[in-house]
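Summary of structural features
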Amino acid sequence: MNRKSVGRAGFEISTVTFGCWELGGGPWEFTGDENNKQLLRKAYELGVTTFDTAEGYGNGHSEDIVGAALKDIRQNCIISTKVSRANLHPDQVRRSAETSLRRLQTDYIDIYYIHWPSFDIPVAETLGAFNRLKEEGLIRAIGVSNFSLSQLQEAVQYAQIDVIQPEYSLLHRAIEDDIAPFCQEQQIGIMSYSSIAKGILTGSFHLAGKKLAEDDFRAQRRLFSPEHLQASQQLLDTMKAIADEHRASVSQIAIAWLLHQAPLTSAIIGTQDEHHLADNLKAADVQLSSEELKVLSETSREALEKIGY
């Protein structure tokens, strides 16, 4: 597993990050805490050093699982977590950070994010609290998630922002227009979430007869509507053809495409299944040619135009 420097933070993260949203339960089908603890250790054994969670994932349960699984190898890991939009007042930021530290069974957080920008609290006030936590050694780097370009431009006036966490995949490329160039200019890392578009880029949802359960939160997402699945069919067909050439899975091609994008620092991949974990991590070894990257990018753009993204 390769590693890259994250912003100007002074440390490296693995190019694939284990995403821990599912480990908190919530909208995902849940396998169990012991399975998920073992999976975190397996990810580490396979070369993943970076783990991403949030206080909002299962009301802190994801943080509990990460802390319990990694406590004896903590010094070898990079752990990022996030403060929720409801807790962005400076006093709340400190309480949230201290609670996350307890759950994670650690005395420092490597990357601490604003999960979503506030509707009413000035980012200067929130980042002032972040800066104090950093000065005290409770956090090592500051990140923001789901920020627009203008919000990111404002944030960098008040703190050293080392990483941004946006949605980014073959089916969600909006950051390429403005955020990615700004991040490259400002030496800000990019850690993508929904790297396989919540499962669409595995190809399984394009199979005949495949249907989401009514209570699956993805059923309400635009990309999962029948007409938009049809609009992305050509992209999946192209990915399948390239996957066959590499003796790889479709999801490996989706992740490999991301890992070949210059602005990206790390792709977040979440799972509760050991087979899926091992399969996804093999994407780091898939070397796509310039022609394959071009075809994937062009077919992706055509799909996005049909979908209206």
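This write-up is about the structure you can find in this document. Bear in mind the structure is a predicted one, so any value in this text is a computation, not a measurement.

Rules used throughout
Residues numbered from 1 in each chain as written. Predicted model: local features only at pLDDT ≥ 70, side-chain atom pairs only at ≥ 80, totals over all residues. Heavy atoms only, no water. Helix = DSSP H or I, 4+ residues; strand = E, 2+ residues; numbered from the N terminus. Rg over C-alpha atoms; globule rule 2.2 N^0.38 Å. Buried < 20%, exposed > 50% of the residue type's maximum accessible area, 1.4 Å probe, protein only. Contact = heavy atoms within 4.5 Å. Areas by Shrake-Rupley, 256 points an atom, 1.4 Å probe, with all protein chains shown as cover. Salt bridge = Lys/Arg side-chain N within 4 Å of Asp/Glu carboxyl O.

Let us now look at the overall build of the chain. Looking only at helices and strands, the chain features 11 helices and 10 strands. A compact globule built from 309 residues should have a C-alpha radius of gyration of about 19 Å, and the chain, at 19 Å, falls within 12% of that. Dimensions of the chain, computed from C-alpha atoms along their principal axes, come out at roughly 50 × 40 × 40 Å. Per-residue burial over the chain gives 55% buried out of 309 residues. Here the analysis covers contacts within the chain between residues at least 6 apart in sequence; of these, 77% occur between residues at least 24 apart. Split by element, the accessible area of the chain, about 13700 Å² in all, is 45% carbon and sulfur.

This paragraph deals with the side chain of Ser 194. Residue placement: Ser 194 occurs in the loop between β9 (189–192) and α7 (226–231). The contacts of Ser 194, once residues within four sequence positions are left out, are Glu 167, Tyr 168 and Ser 169.

Right, let's get into the pattern of salt bridges. A complete count under the given rule lists 12 salt bridges for this structure. Note that Asp 110 and Arg 74 form a salt bridge whose closest N and O atoms lie 2.9 Å from each other. On the criterion of sequence distance, the pair formed by Asp 110 in strand β6 (residues 109–114) and Arg 74 in the loop between α2 (61–70) and β5 (78–83) is long-range, its members being 36 residues apart. The pair Asp 110 / Arg 74 is uniform in exposure class, with both members buried. With its nearest N and O atoms 2.7 Å apart, the salt bridge here joins Arg 140 to Asp 110. Highlighted residues: Arg 140 in strand β7 (residues 139–145) and Asp 110 in strand β6, separated in sequence by 30 residues. For Arg 140, a relative accessible area of 34% puts it in the partly exposed group. Ionic contacts of the salt-bridge type, sharing partners, join the residues Arg 74, Asp 110 and Arg 140 into one network.

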